[in-house]
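Single-letter residue listing:
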Amino acid sequence: MAVSRDTLLQAAREFGTPLFVYDADLMLRRYQELHDVIAWPRLTIHYAMKANYNVALLGILNAAGAALDTVSPGEVILARRIGFPVERILYTANSMTDAEVREVQRTGVLMNIGSLSRLEKFGREFPGTDVCIRFNPDVVDGETAKTTTGGPATKFGILMQDADRVADLVSRHGLRVVGLHEHTGSGLTRESSVYRSMQNLMSLATPARFPDLRFLDFGGGFKVPYRPEETRVDYAAMGAEIARLFREFCGAYGRELEMRFEPGRYIVAECGCLVIEVNTLKDNQGRLMAGCNSGFPQLIRPVMYGAYHHIVNLTNPDGPEAVYDVCGNICETGDRFAELRPLPEIREGDLLAIENAGAYCYSMGGVYNLRPMPAEVVIRAGELHLARRGLSNHELVEQILAESV
Ligand code: LLP
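Reference entry: report on the structure contained in this document. (Residues numbered from 1 in each chain as written. Predicted model: local features only at pLDDT ≥ 70, side-chain atom pairs only at ≥ 80, totals over all residues. Heavy atoms only, no water.)

### Here we look at the overall build of the protein
Part 1: When helices and strands are counted, the protein shows twelve helices and 18 strands.
Part 2: The C-alpha atoms of the protein give 23 Å as radius of gyration, which agrees with the globular expectation for 405 residues (22 Å, within 12%).
Part 3: Structurally, the protein occupies a C-alpha span of about 70 × 55 × 40 Å along its principal axes.
Part 4: For the protein, with 405 residues in total, the buried portion stands at 54%.
Part 5: Within the protein, counting contacts between residues at least 6 apart in sequence, those at least 24 apart form 69% of the total.
Part 6: Counting every atom, the protein has about 17,300 Å² of accessible surface; 50% of that belongs to carbon and sulfur.
Part 7: Placing the 42 positive and 51 negative side-chain charges of the protein at their respective mean positions leaves the two points 5 Å apart. (Helix = DSSP H or I, 4+ residues; strand = E, 2+ residues; numbered from the N terminus. Rg over C-alpha atoms; globule rule 2.2 N^0.38 Å. Buried < 20%, exposed > 50% of the residue type's maximum accessible area, 1.4 Å probe, protein only. Contact = heavy atoms within 4.5 Å. Areas by Shrake-Rupley, 256 points an atom, 1.4 Å probe, with all protein chains shown as cover. Lys, Arg positive; Asp, Glu negative; His and termini not counted. Charge placed at Lys NZ, Arg CZ, Asp CG, Glu CD.)

Quick look at the structure:
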């Protein structure tokens, strides 16, 4: 567990539950680790802020010099308000509207374009400007079908076979392609997918077709273990191979380029957990159900992807084991954090920690059933800080009424 049991219990006592708790030091270690294992002098890590946009965490990453992958005008605005300089932000939305392109282009943030029709419109409106092009790497991998991004069955990027059409559009509008980008998927299951996608993108990056390149961006997708028995990917070996492939490419291209990756999950997943309290136990003819004070709108990954999140009984760690459905408080049968999960005996009032809740949990949250999102606590050098308070029920309702016309 990223955060010790005692610290989680202290956080729950001080701030109540449900509560997201993040260990900022672990997040920074993960960020730094990537620089250590990918031995390329000009490496930039663009943290994918969709994974977790907690303002305190973003501030810490900004101070550490991290760059950002952004996917909406809202993310760009927040990043700028926190102080990320425009040069350290890349904009990679899909299904962009004209208004959104204009809004982001005005900020000076570099646009990453992943469709021929948008490239054409962009060239007409902003001739002579810098741009990054997103290709579909044609490698199919990802933790689930919903998080697989490469291959023709997904909406992302321009197909590799259209590289010459891209070059043609670019020269017609005098655009300068300063970067090429690909993202294969989230939670990549094979190291070889990373290498194959890199090679596919590098095969398009010839000096004849794209002479002005400053960087190649190979997206995110680095996996972290979710189950206790899962082993960690050997990132040191992977980093060495990545650097070797890129060195070879830069030799052929004729210049040493910047290398970029865009991890979200790798940087924040493990540093967070959601602490919840069990308030209702049922024994339905032998099927044990533990009802908690949180639900799928606050941590949707098990329901949405069938994802496994390890659960720890914080207040009865040595109880005799039994098998539970860990259920939420939402009026839906599917509202379960875990199904038939062996856990130390759960009693009403016990606190549970749902692990690996730093990535794609709070950020995918909502207020279905009109339950406000939990507060978020950030731990730095052993100190607990309330980073974001939750709205009260009344504040949530006031917000809804204020938006209603
Ligand atoms: N770059 C691009 C262009 C992306 O689309 C994504 C993720 C990333 C980087 C970061 O990927 P990561 O390193 O975090 O795997 N909600 C899903 C994950 C969706 C990822 C979407 N794009 C989940 O909870 O598993």
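### Observations concerning the state of the cysteines
Part 1: Throughout the structure, instances matching the rule amount to zero disulfides.
Part 2: Here Cys132 stays free of any disulfide, with the sulfur of Cys250 as its closest cysteine sulfur at 15 Å.
Part 3: Judged by its relative accessible area of 0%, Cys132 falls in the buried class.
Part 4: Unpaired in terms of disulfides, Cys331 finds its nearest cysteine sulfur in Cys327, a separation of 13 Å.
Part 5: With relative accessibility at 70%, the residue Cys331 sits in the exposed group. (Disulfide = S-S within 2.5 Å.)

### Brief notes about helix H3 (residues 55-63)
Part 1: Taken as a whole, H3 has its buried residues at Leu57, Leu58, Ile60, Leu61 and Asn62.
Part 2: Capping the start of H3, Asn54 holds a side-chain oxygen 2.9 Å from the backbone nitrogen of Ala56, two or three residues further along.
Part 3: Two residues or fewer after H3 comes Gly65, characterised by a positive phi angle close to 90°. (Polar contact = N/O pair within 3.5 Å; in protein donor to acceptor, adjacent residues only side chain to side chain.)

### Focus: the site of the ligand
Part 1: Around the ligand, the surrounding shell holds 19 residues, and the nearest of these are Ser186, Glu262, Arg301, Tyr305 and Tyr360.
Part 2: A distance of 2.9 Å is found between an oxygen atom of the ligand and a backbone nitrogen or oxygen belonging to Gly264.
Part 3: Measuring from an oxygen atom of the ligand, one finds a backbone N or O atom of Arg265 at 2.8 Å.
Part 4: Isolated, the ligand exposes 590 Å² of accessible area, and the fraction of that covered by the protein chains is 91%.
Part 5: Its atoms largely coinciding with the cavity grid, the ligand occupies the largest pocket.
Part 6: Residue composition of the shell around the ligand, grouped by class: five nonpolar, eight polar and six charged. (Near = heavy atom within 4 Å. 1 Å grid on protein atoms, 1.4 Å probe; cavity = no way out; pocket = protein on both sides within 12 Å on 5 of 7 lines; lining within 4 Å. Sits in = over half its atoms within 2 Å of the grid points. Nonpolar A, V, L, I, M, F, W, Y, C, P; charged D, E, K, R; others polar.)

### With respect to the packing of helix H8 (residues 191-204) against helix H9 (residues 235-253)
Part 1: Where H8 contacts H9, the two axes come as close as 11 Å, and the packing angle between them is 15°. Taken together, the axes of H8 and H9 lie roughly parallel to each other. Read as a crossing pair, H8 and H9 show a hand that is right-handed. Between H8, through Glu191, Val194, Tyr195, Met198, Gln199 and Met202, and H9, the contact on the second element is made entirely by Ala237, Met238, Glu241, Ile242, Leu245, Phe246 and Phe249.
Part 2: Its residues placed into classes, the contact of H8 with H9 shows ten nonpolar, one polar and two charged. (Axes fitted to C-alpha atoms, helices over the stretch in contact; angles between N-to-C directions. Parallel < 35°, antiparallel > 145°, perpendicular 65-115°, else oblique. Left-handed = near helix turned anticlockwise from the far one by under 90°.)

### Focus: the pattern of salt bridges
Part 1: The final tally for this structure, using the stated rule, is 26 salt bridges.
Part 2: One salt bridge in this structure joins Asp141 and Arg190, with 4.0 Å as the shortest N-O distance. Here Arg190 lies in the loop between strand E8 (176-181) and H8 and Asp141 lies in the loop between strand E6 (130-136) and strand E7 (158-159), a separation of 49 residues in the sequence.
Part 3: Residues joined by salt bridges that share partners form a network here, namely Arg30, Glu33, Arg232 and Glu270. (Salt bridge = Lys/Arg side-chain N within 4 Å of Asp/Glu carboxyl O.)

### A few points about unusual backbone geometry
Part 1: Between Thr17 and the following residue, Pro18, the backbone shows a cis peptide bond with an omega angle of -5°.
Part 2: Tracing the backbone through its elements, the reader meets Pro18 in the loop between helix H1 (5-15) and strand E1 (19-23).
Part 3: A positive phi angle is found at Asn356, which is not glycine, with a value near 50°.
Part 4: You will see that Tyr360, though not glycine, has its phi angle at about 60°, which is positive.
Part 5: The exposure class assigned to Tyr360 is buried, which follows from its relative accessible area of 15%.

### Topic: the packing of helix H2 (residues 24-37) against H3
Part 1: With their axes 11 Å apart at the nearest point, H2 and H3 run at an angle of 40° to one another. Classed by the angle they form, the pair H2 and H3 counts as oblique. Helix-helix and strand crossings are classified by hand; for H2 and H3 the assignment is right-handed. Residues Ala24, Met27, Leu28 and Tyr31 of H2 pack against Leu57, Ile60 and Leu61 of H3.
Part 2: Here the residues of the contact of H2 with H3 are counted per class, giving seven nonpolar, no polar and no charged.

### Section: the layout of surface pockets
Part 1: Quantified by volume, the largest pocket comes out at close to 660 Å³.
Part 2: The wall of the largest pocket is formed by 30 residues, among which Lys50, Phe156, His183, Ser186 and Tyr360 lie closest to the centre.
Part 3: A total of three residues in the lining of the largest pocket trace back to one element, the largest contributor, which is helix H11 (residues 301-305).
Part 4: The class makeup of the residues in the lining of the largest pocket is nine nonpolar, 13 polar and eight charged. (Points joined across faces, edges and corners; volume = space filled by probe spheres on them.)

### Observations concerning the environment of Ser192
Part 1: By the secondary structure assignment, Ser192 is in helix H8.
Part 2: Along the primary structure Ser192 and Met238 are separated by 46 residues, whereas in three dimensions their C-alpha atoms are 9.2 Å apart.

No statement about biological role is implied by the geometric values presented.
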